[in-house]
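Inside the fold
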Amino acid sequence: MTRRGNSKLFFFIGPALLINLVIVLIPSVSTIVLSFFKWDGISKPIFVGFKNFETILKSSDFIAALSHNIIWTVVFLTIPVAMGLIGAELLRKTKWDFLQAFYFFPVILPIVVVGIIWGKIYHPIHGIGKYIGVALLGKPSTALYAIMFANIWAWWGFLCAVFYSALQSIPKDLYEAAVLDGANNWQEFRYITLPGILPTIVFMEIMTIIWSFHVFDWIWVTTQGGPAGSTELLATLMYKKAFYSYKVGEAAAIGVIIAVLGMFATLIYYYLKKQKGVEV
Amino acid sequence: MIVSSKLQLSGAFKSATILVSSNLKGGNKPMRKITFMILIVLFVFTLMYAQEKGKVTWWYETVTPENLQGLINDLVKPFENSHPGVEVEITVKDQLREVLRAAIVAGEGPDIVMTMGPAEANRYAKAGLLLPLDEYIRAAGLDSEIPSLFLDIGKVKGKVYSIPKTIESMGIIYNKSLFEENGWKVPTNREEWVTLCEKIKRKGIIPVAAGNSTWRPTNEHYVTVYLNHYAGPENVYKALTGQMSWSDPIFVKAIEMFKNDFKKYWPDFSTYSTMAAEDIVPMVAMRQAAMLVIGTWGFQWMGDPAYWPSDDEWGWAPFPSLNENVPYPIVDIGIGTTLSVNKNSEHPDLAADFLISMFKNKEGLAKLQRDFPGEWVAPVDIPSESIPEEVDPVFVEHIQTQYKLLKEGNYGYTTWTFLGPETWQWCYEGIEKVWLDQMTPEEYMKKWDEIFKKELEEGIVPPVPPRR
């Protein structure tokens, strides 16, 4: 490529690169740096080394929030993925493509709106809580699962759309041959569909792990981490540390831990990518 | 400051005009084009400056449009009318605390700084981000009018940086019609409180309507009341000033008593965690519950048919004494919000003038009791004759009682005003573990004491003025 070509290239990618630098790289580096400082967000930061990490990792609130995140991840790695796969396979079999719009509709709604609506649905006086005799968002044993249920309702349509799109790349004659060989629906799904879209499934599973550790809005709109900390996640804990406790350094440390967990998931993805059958 | 800036600007503009006009007359074509563009730019900047020179900006917390209009009509417009060319611009910010901090620390933010209380305001003051207000307060004579307690708590290194906009206190708002029909009396001591609650329960009515779904720190309102009304304000004062441990048995007993009362007389925890004002106030109005244990802000909902959809009357009373050694009545005094001036304001004098004018405008403050009840109980003496007739007489009774008890020294301390941020957070988060039997009251107060001592050492506990 000529020098003129290089400069043209830079002209096109420059703005995106600049935005990435300003919005992503600088705050990320600042967060890592701040995690080594004691700072209330207002006065001068004081260097404390790894003390913030030590404090956070020993804190029962952090352990509880991490366990909630792990539960969240396990649920979202299974239930909505299974629903998305089944939905996509059914769309392929029935060819009722118009249903995609219905499945996808909750995805486009703002999370704040959906969260508030589900809060009203669960309400013990004005919602289903009155009839089932349980305030689902008010009980520590049910609150997290109630929120996950609402999130799955709003999310599985996205996975269905992604998997259905991936299905289009599977040659149709494979299914025709399978039918001729006497394969039933389950066998078609198990031996053609799943292997055919395995790279997409793996990619979405890894993204689910990463996104699961970023969840904030669902919790904040519905329970703000309550009742009694039963829905506290790492992101909400981080927010409270920064803005309620004035411990920005500890909040940054939690942010770094979340990023490390995300990187770990990414490494798993790159390892799996190299395995036979999963390569993209 | 404004006048001198105008002179400087007019001097610069004059020099620029002389240069430009000579180029326009004698210069060549490109030069004339450049000169013309400079003229346009200068004109635009002058226009911008001229428009901005009289603007005071203020970021306000979440508020209804009606209440905001009341504030504008009663306090803002009178100031603008008496200061021609000056505009006060109020912007409502949903997450005010978070966005305010980011802006102020970056050297930006509004001229009028509204914080959740002296704990927050004092942090900004310590970091040199707020303007000292002593000079302005003295010049306006407010130092002899505002009780010293409310000025002293906003002091950092001897200077005042914030003035409370709202003095609030905890008490009971109850369904007066329900009480009268059943012959129930407002309780004044522990025995009367328990007897009343049991009578209410036997009628199938919840004694205390409460919920924290939209504001989790609501829990601390009740903790405040039980600490002050059982352990006593003197002991709370000693603990706040480090003279007494928060893990002292008297505080542990207060929490134990509260835990038992919460389980018996409040809604069950799972329901409590999902209810908000729009649920609990109508419950009292419709006789599904009998009382609210609530602060001054509760009056913003009284008289609103959406919250009080019945013809029943309401009443207010101080919370009863829970210990024979604690006098009745006392009120637990808090500061809901404070107002300060941003050190980086472009017009600090103008902003300070506006801030002070709000506290001097007694007529406007009186009208706000009608137009924005429960949220603008400023710490100044408002003549009762200036309070509009439409103002809820129960609310007037509450404010007057609050002020009277404060002056007499019969007051306690609210947790949201007098604790450091981490102790405050533990106060309302930890109590849920006590309610759910995940932690004993001893363990709760022990951790409270540990966190408080750390914050006291770090100097982030707001100063508590000596009791009278």
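Fair warning: this is a prediction, and the values are worked out from it, not measured in the lab.

Some remarks on helix α4 (residues 96-105) of chain B
All names here are of chain B.
- When we look at burial in α4, the residues that qualify are L100, R101 and I104. One side of α4 holds all its buried residues, which, seen down the axis, span an arc of 100 degrees.
- Among the structural elements, β1 (55-60), β3 (112-115) and α5 (118-126) are those in contact with the buried residues of α4.

A few points about the environment of G226(A)
- Position of G226(A) relative to the elements: it lies in the loop between α11 (217-222) and α12 (234-243).
- For G226(A), a count of 25 C-beta atoms within 10 Å translates into the label buried.
- Taking C-alpha positions, G226(A) is 22 Å from T55(A), a pair spaced 171 residues apart along the chain.
- Setting aside chain neighbours within four positions, we find G226(A) in contact with T231(A), R216(B) and S273(B).

Describing helix α10 (residues 219-231) of chain B
Residue and element names in this part refer to chain B.
- The terminal C-alpha atoms of α10, which comprises 13 residues, lie 18 Å apart, in line with the 18 Å expected from a rise of 1.5 Å per residue.
- Judged by how many residues are buried, α10 sits mostly within the fold: 13 of 13 residues are covered.
- Taken from the residues just after α10, G232 is the one with a positive phi, measuring 95 degrees.

Concerning the packing of helix α4 (residues 99-108) of chain A against helix α7 (residues 143-167) of chain A
Residues and elements named next belong to chain A.
- With their axes 6 Å apart at the nearest point, α4 and α7 run at an angle of 130 degrees to one another. Considered as vectors, α4 and α7 are oriented oblique to each other. Relative to α7, α4 is oriented so that their crossing is left-handed. Side by side, α4 and α7 meet where Q100, Y103, F104, F105, P106 and V107 of the first sit next to W153, A154, W155, G157, F158, C160, A161 and Y164 of the second.

Some thoughts on the pairing of β3(B)
Residue and element names in this part refer to chain B.
- Neither face of β3 is exposed, since I112 and M114 on one face and V113 and T115 on the opposite face are all buried.
- Note: β3 against strand β12 (residues 338-341), 4 bridges, orientation antiparallel. Pairing of T115 across the sheet is with T338, part of β12.

What about the confidence of the model for chain B?
All names here are of chain B.
- Of the residues in chain B, 91% reach a pLDDT of 70 or more, and the chain-wide mean stands at 90.
- Predicted confidence for residues 1-16 stays below pLDDT 50, and this span has 7 contacts to residues more than four positions away or in other chains.
- Reported confidences for the modelled complex are a pTM of 0.86 and an ipTM of 0.85.

Quick word on the interface of chain A and chain B
- With 21 residues of chain A in contact, the opposing surface of chain B contributes 23 residues.
- Grouping the amino acids of the side of chain A that touches chain B by side-chain chemistry returns 11 nonpolar, 8 polar and 2 charged.

Digging into unusual backbone geometry
- In this structure, P227(A) follows G226(A) across a cis peptide bond, with omega equal to -10 degrees.
- Its location among the elements puts P227(A) in the loop between α11 and α12.
- Residue P329(B) is bonded to the preceding Y328(B) through a cis peptide linkage, with omega at 0 degrees.
- Along the polypeptide, P329(B) turns up in the loop between β10 (314-317) and β11 (331-335).
- Of note in the backbone geometry, A228(A) takes a positive phi value of approximately 55 degrees without being a glycine.
- For A228(A), the position within the fold is in the loop between α11 and α12.
- Assessed through the 23 C-beta atoms surrounding it within 10 Å, A228(A) is described here as buried.

What counts and what doesn't
Residues numbered from 1 in each chain as written. Chains lettered and ligands numbered in written order. Predicted model: local features only at pLDDT ≥ 70, side-chain atom pairs only at ≥ 80, totals over all residues. Buried ≥ 20, exposed ≤ 12 C-beta atoms within 10 Å, placed from the backbone. Helix = DSSP H or I, 4+ residues; strand = E, 2+ residues; numbered from the N terminus. Arc of directions from axis to C-beta. Contact = placed C-beta atoms within 7 Å. Expected span 1.5 Å × (residues − 1). Axes fitted to C-alpha atoms, helices over the stretch in contact; angles between N-to-C directions. Parallel < 35°, antiparallel > 145°, perpendicular 65-115°, else oblique. Left-handed = near helix turned anticlockwise from the far one by under 90°. Pairing = 2+ DSSP bridges. pLDDT = per-residue confidence, 0-100. Nonpolar A, V, L, I, M, F, W, Y, C, P; charged D, E, K, R; others polar.

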